[in-house]
Amino acid sequence: MKCNKCAQRAVFTMRHYKLSLCETHYMEWFVSHTGQTIQKYHLLRPDERVLIAVSGGKDSLSLWDVLIRLGYAVDGLYIDLGIDGGFGYSALSHQKIDAFMAGHPETRLHVVDLAAEYGATLPQIAGRKRRGREKPCALCGLIKRHEMNRIAQAFGYDVLVTGHNLDDEAAVLFSNVLHWHTGYIARQAPVLEERTGLARKVKPLCRAYEREVAAYALIRGIDYIYEECPYVEGSRTLMYKGMLDQLEEEAAGTKLQFYVTFLHAKKDGFFRDEEALVELHPCDTCGQPTIAPGSCAFCRIWKEPER
Ligand code: Q46
Ligand code: ZN
Ligand code: ZN
């Protein structure tokens, strides 16, 4: 099959856009499509200092690469949770980020080593609390949110970027709709605006299919960690992703339509973000904004007695 833009052989087809492209045109397309998402949802301004949370996976490393190519000044943040999984997951992730950085000497990487900084790895905390199968991920999300915001504030970044792609966003939306978690639905968006003490958070890959990101990483030669975090196995999110894949197989564009029409409904005032109205106060321990009385949920992790 030929590229839709030139006579070269097409290497990648996007059925939902009825578009097949050669390597050169696909790379161009992906960068410009991400740029359009940034413009469409007012995610970034050209003069802002940007901090991207990187995991060593294809999404965050590809996005970092694309943002640099779009001309943004972007530094990285890696949170080392100390996950091993029998193959040194966290250490390997860190290696991939270092390899990426070697090609981008203009960028800086902040590293938070959970064990060194707070005295325990994620598996140790999860084990200590005898949490259930889904719980390490809830704990992980809590830790990442806290530490991302802490570093953004401490180093004066204007905005925090994460590599969530369309498949991630569609799966979260699917799960929240199935359970009618209206509060979470109302908060899901490509941009979470800044509040006192909380940096703005944006997701420039929210309209990019996972396979589109993987194709970009492959063609661009970005070396990323293929292995998944060991805690992802058996998760509900993975199950929902599988179901959405089946729907996508039957009708190309389903995920994109599901997510984008949700954003339209949201814009039309369908969902109201009540949490944005809840007053925040500084945590007694770390000073970061929280709705909880006293200490924030992150600080309470370290105060819980060991069993
Ligand atoms: S890193 Fe963290 Fe994921 Fe691992 S512990 Fe769960 S949430 S699965 S994206
Ligand atoms: Zn071409
Ligand atoms: Zn706190």
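Here the structure is shown first, and the text comes after it.
Residues numbered from 1 in each chain as written. Chains lettered and ligands numbered in written order. Predicted model: local features only at pLDDT ≥ 70, side-chain atom pairs only at ≥ 80, totals over all residues. Heavy atoms only, no water.

Novice: What is the right way to look at the pairing of strand 4 (residues 73-80) in this model?
Specialist: Within a regular strand, the side chains alternate between the two sheet faces. Taking burial as the measure, the 8 residues of strand 4 include 7 buried ones, the bulk of the element. Sheet analysis places strand 3 (residues 49-53) next to strand 4, joined by 5 bridges and oriented parallel. Bridging from a neighbouring strand, I52 pairs with G76 of strand 4. Note that the unit made of strand 3, helix 2 (residues 58-69) and strand 4 has a crossover that is right-handed. (Buried < 20%, exposed > 50% of the residue type's maximum accessible area, 1.4 Å probe, protein only. Helix = DSSP H or I, 4+ residues; strand = E, 2+ residues; numbered from the N terminus. Pairing = 2+ DSSP bridges. Right-handed = clockwise from strand over helix to strand, strands pointing away.)

Novice: Is there a simple way to explain the nonpolar core in this structure?
Specialist: Across soluble globular proteins, nonpolar side chains have a tendency to be buried as a group. Of all hydrophobic cores here, the largest spans 53 residues; its most connected members are Y26, F30, L44 and W64. Contacts of L44, omitting those with residues within four sequence positions, involve I38, V50, L67, Y72, V159, V161, R200 and V202. Membership of the second largest hydrophobic core comes to 29 residues, among which are A53, L77, I83 and L160. (Core = buried A, V, L, I, M, F, W, Y, C linked by side-chain atoms within 4.5 Å. Contact = heavy atoms within 4.5 Å.)

Novice: Can you walk me through the site of ligand 1 in this structure?
Specialist: Around ligand 1 lies a shell formed by L122, C137, C140, K144, C229, Y231 and V232. No other element matches helix 6 (residues 135-154), which puts 3 residues into the shell around ligand 1. Residues belonging to the shell around ligand 1 are distributed by class as follows: 6 nonpolar, no polar and 1 charged. (Near = heavy atom within 4 Å. Nonpolar A, V, L, I, M, F, W, Y, C, P; charged D, E, K, R; others polar.)

Novice: Is there a simple way to explain the packing of aromatic side chains in this structure?
Specialist: The relative placement of two aromatic rings is captured by the distance of their centres and the angle of their planes. Applying the stated criterion across every chain, the model contains 16 aromatic pairs. Taking the centre distance of 5.1 Å and the plane angle of 15° together, the rings of Y118 and W302 count as stacked. In this pair, Y118 is assigned in helix 4 (residues 114-118) and W302 in helix 12 (residues 297-303), connecting sequence segments 184 residues apart. For W302, a relative accessible area of 22% translates into the label partly exposed. Aromatic pair F270 and F271: ring centres 6.0 Å apart, planes at 50°, arrangement tilted. We classify F271 as partly exposed; its relative accessible area is 25%. Here a set of aromatic residues connected by ring pairs shows up, and it is made of F12, Y17, Y26, W29, F30 and Y216. (Phe/Tyr/Trp six-rings, centres within 6.5 Å; stacked < 30°, edge-to-face > 60°.)

Novice: Whenever I open this one, the pattern of salt bridges confuses me. Can you help?
Specialist: Side chains bearing opposite charge may pair, as long as their charged atoms lie close to each other. As enumerated under the stated definition, the model contains 12 salt bridges in all. In this structure, the salt-bridge partner of E48 is R200, at a minimum N-O distance of 2.9 Å. Here R200 lies in strand 8 (residues 200-202) and E48 lies in the loop between helix 1 (23-40) and strand 3, a separation of 152 residues in the sequence. Of the two residues examined, E48 and R200, each falls in the buried class. The structure contains a network of salt bridges with shared partners spanning R45, E48 and R200. (Salt bridge = Lys/Arg side-chain N within 4 Å of Asp/Glu carboxyl O.)

Novice: Is there a simple way to explain helix 10 (residues 236-250) in this structure?
Specialist: Over its 15 residues, helix 10 runs 22 Å from end to end, which matches the ideal 21 Å to within 8%, given 1.5 Å per residue. For helix 10, every residue scored as buried is listed here: Y240, K241, L244 and E248. One side of helix 10 carries all its buried residues, which in axial view fall inside an arc of 105°. Away from the buried face of helix 10 by more than 90 degrees, exposed residues Q246, E249 and E250 are located. In the core, the buried residues of helix 10 are packed alongside helix 7 (166-178), helix 9 (210-220) and helix 11 (254-267). (Expected span 1.5 Å × (residues − 1). Arc of directions from axis to C-beta.)

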